[in-house]
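Listed here are the chains, written in short residue letters.
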Amino acid sequence: MRNRIPKALLIAETPQGCSYLANRLQGHGCECNFATSYQEACSSLQSHGFELVLSPTKLRGITVFPLIDLLEGSTVTLFYSHAVEQGCWWLPALRHGEKCFGSSALRPSEFGSVLDEVIAEIRTDWRVRDDLQKPAKQSTLT
């Protein structure tokens, strides 16, 4: 496997608003990029290859649910956070580009381990793809 680094796009009103996620992802060897508006997120998604996108359901009063349609069919995994009275729920929206919106929401305490699994899956997918692309060894028997 080539030395690839999983790339994550973190969408929030300020990068500080998701610094705990960035720290966790960077601890797993991920590269984190930030977007502070829907337009900036769309621009980043078009110019960079991301494997993971984490976003609030609304950003500055504007829904970011159209990201689902934008990323469907890609290899991106997308989660939305939805603020509740104390904390938030994490809502799975896409898993490897396939819609899963409506799956069970995750508490922050559950989301950390799911995030770890997603990063491991990304790396496993890369290894599998690399193995499939390797030319078959030719037999040396004559």
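Refer to the structure presented above.
Residues numbered from 1 in each chain as written. Predicted model: local features only at pLDDT ≥ 70, side-chain atom pairs only at ≥ 80, totals over all residues. Heavy atoms only, no water.

**Q** Looking at this model, I keep getting lost on helix H4 (residues 108-133). Mind explaining?
**A** One turn of the α-helix equals 3.6 residues, which is why residues spaced by three or four share an orientation. With 26 residues, H4 extends 38 Å from end C-alpha to end C-alpha; this agrees with the ideal 38 Å at 1.5 Å per step. Turning to H4, its buried residues number three or more, namely Phe-111, Gly-112, Val-114, Leu-115, Val-118, Ile-119, Ile-122, Trp-126 and Asp-130. (Helix = DSSP H or I, 4+ residues; strand = E, 2+ residues; numbered from the N terminus. Expected span 1.5 Å × (residues − 1). Buried < 20%, exposed > 50% of the residue type's maximum accessible area, 1.4 Å probe, protein only.)

**Q** Help me understand helix H1 (residues 19-27), please; the structure alone is not making it clear to me.
**A** Among the residues of H1, those classed as buried are Leu-21, Ala-22 and Leu-25. Around the axis of H1, the buried residues are gathered within 100 degrees of arc, so they sit on the same side. In H1, those exposed residues whose orientation departs by more than 90 degrees from the buried face are Asn-23 and Gly-27. For H1, the elements touching its buried residues are strand E1 (7-11), strand E2 (31-35), strand E3 (52-56), strand E7 (88-95) and H4. Following H1 by one or two positions, Gly-29 has its phi on the positive side, about 80 degrees. (Arc of directions from axis to C-beta. Contact = heavy atoms within 4.5 Å.)

**Q** What is the right way to look at the sheet that holds E3 in this model?
**A** What the six strands build is an open sheet, ordered E2-E1-E3-E6-E7-E8; its pairing is mixed. Here the strands that pair on one side only, and so sit at the sheet edges, are E2 and strand E8 (98-99). Of the pairings in the sheet, the one linking E7 to E8 comprises two bridges and is antiparallel in character. Across the sheet, residue Leu-94 finds its bridge partner in E8, namely Lys-99. Helix H2 (residues 38-47) rests against E1, E2 and E3 of the sheet, and its axis sits at about 170 degrees to E1. (Pairing = 2+ DSSP bridges. Axes fitted to C-alpha atoms, helices over the stretch in contact; angles between N-to-C directions.)

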